[in-house]
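Listed here are the chains, written in short residue letters.
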Amino acid sequence: QVQLVESGGGLVQHGGSLRLSCAASGRTFSRYAMGWFRQAPGKAREFVAATTRSGGTTSYTDSVKGRFTISRDNAENMVSLQMNSLKPEDTAVYYCAAKDTLLRYTYYVKAGDYDSWGRGTQVTVSS
């Protein structure tokens, strides 16, 4: 089982930018498809972004398209989420997630598909 630790959360003004990072343990990071999810108080956990094992293909929820970018560096065992033009509705706890998979070209958008989760990092966007 892979251990995941998020970092980079904080308080930012609307319109600002923030970059989240997720560090993974182990020597086989490239076997995991990766994703980012978020959960605001009183709301269900929401898919944000996902990428394939190599990072060659990405997917985003409609509300963040054009503003957020997911990327990964398998040599550093890290996945990142660059968030630009932040809005108050982006305020949430952000979680990274990993799915051990043999499928090289597949990304996953359902929380139940993932095997491992980080503890989350708080992102607060002021209005």
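Every value quoted in this text rests on a predicted model; they were computed, and no experiment measured them.

Rules used throughout
Residues numbered from 1 in each chain as written. Predicted model: local features only at pLDDT ≥ 70, side-chain atom pairs only at ≥ 80, totals over all residues. Heavy atoms only, no water. Pairing = 2+ DSSP bridges. Helix = DSSP H or I, 4+ residues; strand = E, 2+ residues; numbered from the N terminus. Axes fitted to C-alpha atoms, helices over the stretch in contact; angles between N-to-C directions. Disulfide = S-S within 2.5 Å. Buried < 20%, exposed > 50% of the residue type's maximum accessible area, 1.4 Å probe, protein only. Contact = heavy atoms within 4.5 Å. Core = buried A, V, L, I, M, F, W, Y, C linked by side-chain atoms within 4.5 Å. Salt bridge = Lys/Arg side-chain N within 4 Å of Asp/Glu carboxyl O.

Peer 1: Tell me about the sheet that holds strand 7 (residues 68-73), and please be specific about residues and values.
Peer 2: Strand order in the open sheet formed by four strands is 1-3-8-7, with antiparallel pairing between adjacent strands. Either end of the sheet is taken by a strand with one partner, and the two such strands are strand 1 (4-7) and strand 7. Neighbour-to-neighbour, the strand axes of the sheet open up by a mean angle of 15 degrees, direction not taken into account. Note: strand 3 (residues 18-24) against strand 8 (residues 78-83), six bridges, orientation antiparallel. Paired with Ser21 across the two strands is Ser80, which belongs to strand 8.

Peer 1: Which residues make up the state of the cysteines, and what values do they have?
Peer 2: Considering all chains together, one arrives at one disulfide under this definition. The residue that forms a disulfide with Cys22 is Cys96, at a sulfur-sulfur distance of 2.0 Å. Its torsion about the S-S bond being 50 degrees, the disulfide of Cys22 and Cys96 is classed as right-handed. Here Cys22, found in strand 3, pairs with Cys96, found in strand 9 (residues 92-100); they are 74 residues apart in sequence, far enough to count as distant.

Peer 1: For the pairing of strand 9, give the residues involved together with the corresponding values.
Peer 2: By the criterion of burial, strand 9 is predominantly enclosed, with seven of the nine residues buried. Where strand 9 lies against strand 11 (residues 121-126), three bridges are found, and the strand directions are antiparallel. If you follow Val93 over to strand 11, its bridge partner there is Gln122.

Peer 1: Describe in detail the environment of Ala24, supporting the description with residues and values.
Peer 2: With respect to the secondary-structure elements, Ala24 resides in strand 3. As a C-alpha pair, Ala24 and Met78 span 54 residues in sequence and 6.1 Å in three-dimensional space. If we skip the residues at most four places from it in the chain, Ala24 touches Val2, Gln3, Leu4, Phe29 and Asn77.

Peer 1: Just give me the short version of the side chain of Asp90, but keep the residues and values in it.
Peer 2: Its location among the elements puts Asp90 in the loop between strand 8 and strand 9. According to the relative accessible area criterion, Asp90 is buried, its value standing at 1%. Leave out the neighbours within four places in its chain, and Asp90 touches Arg38, Arg67, Phe68, Ser85, Val123 and Val125.

Peer 1: Hey, could you go over the nonpolar core for me, with residue numbers and the actual values?
Peer 2: Counting residues in hydrophobic clusters, the biggest one holds 28 residues, and the most contacted among them are Trp36, Leu81, Met83 and Tyr94. When contributions to this core are tallied by element, the ones reaching two or more residues are strand 3, strand 4 (32-39), strand 5 (46-51), strand 7, strand 8, strand 9 and strand 11. Dropping the residues within four chain positions of it, Tyr94 is found in contact with Glu6, Leu20, Trp36, Phe37, Arg38, Val48, Phe68, Leu81, Met83, Gly120, Thr121 and Val123. Core analysis: the second largest hydrophobic core is formed by seven residues, Phe37, Phe47, Ala97 and Tyr114 among them.

Peer 1: An account of the pattern of salt bridges is requested, with residue identities and associated values reported.
Peer 2: Tallying each qualifying case throughout the model produces five salt bridges. Between Arg38 and Asp90 there is a salt bridge; the shortest N-O distance is 2.9 Å. One end of the pair, Arg38, is in strand 4; the other, Asp90, is in the loop between strand 8 and strand 9, with 52 residues separating them in the sequence. Residue Arg38 shares its accessibility class with Asp90, and that shared class is buried. Measuring nitrogen to oxygen at the nearest pair gives 2.8 Å for the salt bridge that ties Arg67 to Asp90. With Arg67 in the loop between strand 6 (58-60) and strand 7 and Asp90 in the loop between strand 8 and strand 9, this pair connects stretches of sequence that are 23 residues apart.

Spatial relationships are all this shows, so hold off on functional conclusions.
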